[in-house]
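Geometric and topological summary
The chain contents come next:
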Amino acid sequence: GAVVSQHPSRVICKSGTSVKIECRSLDFQATTMFWYRQFPKQSLMLMATSNEGSKATYEQGVEKDKFLINHASLTLSTLTVTSAHPEDSSFYICSAEGFSGNTIYFGEGSWLTVV
Amino acid sequence: QKEVEQNSGPLSVPEGAIASLNCTYSDRGSQSFFWYRQYSGKSPELIMSIYSNGDKEDGRFTAQLNKASQYVSLLIRDSQPSDSATYLCAVIDTNAGKSTFGDGTTLTVKP
């Protein structure tokens, strides 16, 4: 079964609103979680890396004020897309890495459609 | 040069053949190596992990690691159409706290 759970799997929101996506590690404590965005037929694009209890590290070109990441516990990280626009519509995927750093598991992904 | 490079695809093999996917990495401190499979519209799923030099076999999949050459590969024997997907190579340097993914190689297995 899944060891990383992501919710919601699909969400539609109106332009200008905010939407929150949750990523939970189910069987282990995740010191580090990663958030990706993937457009159709394109590679995964790393957006940010979050470590529990500290601020996320964003990749170049990713607006940290638009994509708010909170990693409040060792089992939960959230991504909030603020003031969403149609161009933010994409497949958002999280992954989690355990203490030993010996495995990374992906969540099921969340399809965001902004209308 | 990218930190993790994979064969530029797409790769096409006939059903029953061996598919060979290659990955090179630049960080010599890397200790953990992974292959993920991603079907279109789905999230990546872990199919193989390897941590020491040599071969690791799991069913039809064999991962090969050569740290001296900074090379990791994935062989898929008796390829099936259901193996058609994008395969991602990932490398973790635990000491540096860094994980890096390749861009992926798309494999098509033709019936």
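Residues numbered from 1 in each chain as written. Chains lettered and ligands numbered in written order. Predicted model: local features only at pLDDT ≥ 70, side-chain atom pairs only at ≥ 80, totals over all residues. Heavy atoms only, no water.

1. Let's talk about the sheet that holds strand β7 (residues 61-66) of chain B
Residues and elements named next belong to chain B.
- An order of β1-β3-β8-β7-β6 is seen for the five strands of this open sheet, with the pairing classed as antiparallel. A single partner strand is all that each edge strand has here, and the edge strands are β1 (4-6) and β6 (54-58). Going across the sheet, the axis of each strand differs from the next one's by a mean of 15°, ignoring polarity.
- Pairing analysis gives six bridges linking strand β3 (residues 19-25) to strand β8 (residues 71-76), with the strands arranged antiparallel. Across the sheet, residue cysteine 23 finds its bridge partner in β8, namely valine 72. (Pairing = 2+ DSSP bridges. Helix = DSSP H or I, 4+ residues; strand = E, 2+ residues; numbered from the N terminus. Axes fitted to C-alpha atoms, helices over the stretch in contact; angles between N-to-C directions.)

2. Things to note about the environment of glutamate 15 of chain B
- Relative to the elements of secondary structure, glutamate 15 of chain B occurs in the loop between β2 (11-14) and β3.
- Residue classification places glutamate 15 of chain B among the partly exposed positions, given a relative accessible area of 41%. (Buried < 20%, exposed > 50% of the residue type's maximum accessible area, 1.4 Å probe, protein only.)

3. Some words on the state of the cysteines
- Within the structure shown, the criterion is met by two disulfides over all chains.
- Here cysteine 23 of chain A engages in a disulfide with cysteine 94 of chain A; their sulfurs sit 2.0 Å apart. One quick way to see it: the torsion about the S-S bond of cysteine 23 of chain A and cysteine 94 of chain A is about 80°, and its sign makes the bridge right-handed. Placement of the pair is cysteine 23 of chain A in strand β3 (residues 19-25) and cysteine 94 of chain A in strand β9 (residues 90-98), with a sequence separation of 71 residues. In terms of burial, cysteine 23 of chain A and cysteine 94 of chain A fall into one category: buried.
- Put simply, cysteine 23 of chain B and cysteine 89 of chain B are joined by a disulfide, and their sulfur atoms are 2.0 Å apart. Measuring the twist about the S-S bond at about -70°, one finds the cysteine 23 of chain B-cysteine 89 of chain B disulfide to be left-handed. Of this pair, cysteine 23 of chain B sits in strand β3 while cysteine 89 of chain B is found in strand β9 (residues 85-93), placing the two residues 66 residues apart along the sequence. (Disulfide = S-S within 2.5 Å.)

4. Some remarks on the sheet that holds β3 of chain A
All names here are of chain A.
- Read from one edge of the open sheet, four strands run β1-β3-β8-β7, paired in antiparallel fashion. A single partner strand is all that each edge strand has here, and the edge strands are β1 (4-7) and β7 (67-73). Across the sheet, the mean angle from the axis of one strand to that of its neighbour is 15°, orientation sign disregarded.
- Pairing between β7 and strand β8 (residues 76-81): five bridges, direction antiparallel. Paired with leucine 68 across the two strands is threonine 80, which belongs to β8.

5. What to know about the interface of chain B and chain A
- Listed as interface residues are 16 residues of chain B and, on the opposing side, 19 residues of chain A.
- In this assembly, chain B packs against chain A so that about 1300 Å² is buried in total across both faces, 57% of it on carbon and sulfur atoms.
- Applying the counting rule to chain B against chain A returns zero salt bridges.
- Where chain B touches chain A, the interface holds four residue pairs in polar contact (both at pLDDT 80 or more). (Contact = heavy atoms within 4.5 Å. Buried area = accessible area lost by both parts, 1.4 Å probe. Salt bridge = Lys/Arg side-chain N within 4 Å of Asp/Glu carboxyl O. Polar contact = N/O pair within 3.5 Å; in protein donor to acceptor, adjacent residues only side chain to side chain.)

6. Section: the environment of serine 25 of chain A
Residues and elements named next belong to chain A.
- Tracing the backbone through its elements, the reader meets serine 25 in strand β3.
- By relative accessible area, serine 25 is classed as buried at 5%.
- Put simply, serine 25 and leucine 76 are 51 residues apart on the chain and 6.6 Å apart in space, counted from C-alpha to C-alpha.
- Excluding anything up to four places from it in sequence, serine 25 contacts Val3, Val4, Ala30, Met33, Leu74, Thr75 and Ala96.

7. Observations regarding unusual backbone geometry
- Histidine 7 of chain A connects to proline 8 of chain A through a cis peptide bond whose omega is 0°.
- Of note, the phi angle at glutamine 70 of chain B is positive, near 55°, even though the residue is not glycine.
- Among the structural elements, glutamine 70 of chain B can be located in the loop between β7 and β8.
- A positive phi is found at aspartate 78 of chain B, a non-glycine position, where the angle reads about 45°.
- Here aspartate 78 of chain B lies in the loop between β8 and β9.

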